[in-house]
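Inside the fold
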Amino acid sequence: DAKTTQPNSMESNEEEPVHLPCNHSTISGTDYIHWYRQLPSQGPEYVIHGLTSNVNNRMASLAIAEDRKSSTLILHRATLRDAAVYYCILIIQGAQKLVFGQGTRLTINP
Amino acid sequence: SAVISQKPSRDICQRGTSLTIQCQVDSQVTMMFWYRQQPGQSLTLIATANQGSEATYESGFVIDKFPISRPNLTFSTLTVSNMSPEDSSIYLCSVGTSGRRVSTDTQYFGPGTRLTVL
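Our subject in this report is the structure included herewith. Residue numbers restart at each chain and count upward from 1, following the sequence in its written direction. As a convention, the first chain written is A and the first ligand written is 1, with the rest following in written order. Residue-level local features of this predicted model are given only where pLDDT is at least 70; pairs of side-chain atoms are given and counted only at 80 or more, and the full residue set underlies all totals for whole chains, interfaces and linings. Only heavy atoms go into the side-chain values, all of them from the structure, while hydrogens and water stay out.

**With respect to the pairing of strand S7 (residues 68-72) of chain B**
Residue and element names in this part refer to chain B. Strand pairing is defined by DSSP finding a minimum of two bridges between the two strands. Here a strand is any run of E in DSSP of at least two residues, a helix any run of H or I of at least four, and the numbering for each starts at the N terminus. Of the strand pairs in this sheet, S7 and strand S8 (residues 75-80) are connected by three bridges, and their pairing is antiparallel. By the bridge assignment for S8, Ser69 is matched with Thr77. Between S7 and the antiparallel strand that follows it, S8, lie two residues.

Printed below as a string of structure tokens:
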């Protein structure tokens, strides 16, 4: 599986936007970009995924660079409940499993 | 979506014993996945369990240590055998529900089983 690089930790303030970066310079044309997050003492939960175009859903937006070597998860207005570890995961088309990296621990200040 | 429950939620066990963890899903699913999360670490896939076939184990995990059962489309068990303190972890199961490939599917995770081995 292609490797992703994320900052170990980030900090932001409540009600402000948060941009979580992910580098994936070895991505191939058929790798999907997925984001999951793990709230404290819970299992991971799906956030968003995309292939080439930017994606929006009720939780977040995913901005994918034109060369696809990086992407950014955008939380438009962070709340305290968004404090979690965020995982950026590349999945080969047709793959049968998720491979988690170390993720970014996001802290939200009140 | 899928609602997943795991039993037990936590346990403290003695070394050399075995523990069986149950994973129950509220809908029928083809593939179920078992993960381990060691303290302060990310998730590591142990194996993939399909109903009606042998589980597929990832590198570093073997059936004798982590036997898996998948008797039907809503249930699976993972046994941690002959436990040592190094097995102290959170064990999680997950499923996809759409029947699509993992690359385009949403995975749902159980709450995890926190295991401490003394």
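**Side note on the sheet that holds S8(B)**
Residue and element names in this part refer to chain B. With respect to topology, four strands assemble into an open sheet ordered S1-S3-S8-S7, the strand pairing being antiparallel. Edge strands, defined here as strands with exactly one partner in the open sheet, are strand S1 (4-7) and S7. Across the sheet, the mean angle separating the axes of adjacent strands is 15° when strand polarity is ignored. To obtain an axis, a line is fitted to C-alpha atoms, over the contacting stretch when the element is a helix, and the angle between two such axes runs from 0 to 180 degrees between their N-to-C directions.

**So, the interface of chain B and chain A**
Here a residue-residue contact requires only that any non-hydrogen atoms of the pair lie within 4.5 Å. Taken residue by residue, the interface counts 20 residues in chain B and 20 residues in chain A. A buried area of about 1700 Å², summed over both sides, lies between chain B and chain A, and 52% of it is on carbon and sulfur atoms. Take a side-chain nitrogen of Lys or Arg and a carboxyl oxygen of Asp or Glu: if they are within 4 Å of each other, that pair is a salt bridge. In this assembly, chain B and chain A are joined by one salt bridge. Between B:Glu58 and A:Lys97 there is a salt bridge whose closest N-O contact spans 2.7 Å. Any N or O atom pair separated by 3.5 Å or less is treated as a polar contact, with the protein-specific requirement of one donor-capable and one acceptor-capable atom, and with residues adjacent in sequence counted only for side-chain atom pairs. Between chain B and chain A we count five residue pairs in polar contact (both at pLDDT 80 or more) in total. Secondary structure elements with two or more residues in the side of chain B that touches chain A: strand S4 (31-37), strand S5 (43-50) and strand S10 (107-109) of chain B. By residue number, the principal contributor to the side of chain B that touches chain A is S4(B), which donates four residues. Of the residues belonging to the side of chain B that touches chain A, the class tally is nine nonpolar, eight polar and three charged. Summed over both partners, the accessible surface that disappears when two parts come together, traced with a 1.4 Å probe, is what is meant by buried area. Gly counts as polar in this scheme, as do all residues outside two lists: the nonpolar Ala, Val, Leu, Ile, Met, Phe, Trp, Tyr, Cys and Pro, and the charged Asp, Glu, Lys and Arg.

**A few points about the sheet that holds strand S2 (residues 18-23) of chain A**
Residues and elements named next belong to chain A. Ordered by their spatial adjacency, four strands build an open sheet running S2-S7-S6-S5, and the pairing between neighbours is antiparallel. Each of the sheet's edge strands pairs with one partner strand only, and the pair in question is S2 and strand S5 (55-56). Two elements, S2 and strand S7 (residues 70-75), share six bridges in a ladder whose sense is antiparallel. Its bridge partner lying in S7, Asn23 is registered against Ser70.

**Thoughts on the packing of aromatic side chains**
Only centres within 6.5 Å qualify two rings of Phe, Tyr or Trp (six-membered ring in Trp) as a pair; their planes then separate them into stacked at under 30 degrees, edge-to-face at over 60, and tilted for everything else. Across all of its chains, the model carries eight aromatic pairs over all chains by this definition. Here B:Phe61 and B:Phe66 contribute two aromatic rings whose centre-to-centre distance is 5.6 Å and whose plane-to-plane angle is 65°, an arrangement assigned as edge-to-face. Summarising the burial analysis for this pair, B:Phe61 and B:Phe66 share the class buried. Clustering of aromatic rings is evident, with ring pairs tying together A:Tyr36, A:Tyr46, A:Tyr87, A:Phe100, B:Tyr35 and B:Phe109. The cut-offs for exposure are 20% and 50% of the maximum accessible area for each residue type, with area from a 1.4 Å probe on protein chains only; residues under the lower value are buried, those over the upper are exposed, and the others partly exposed.

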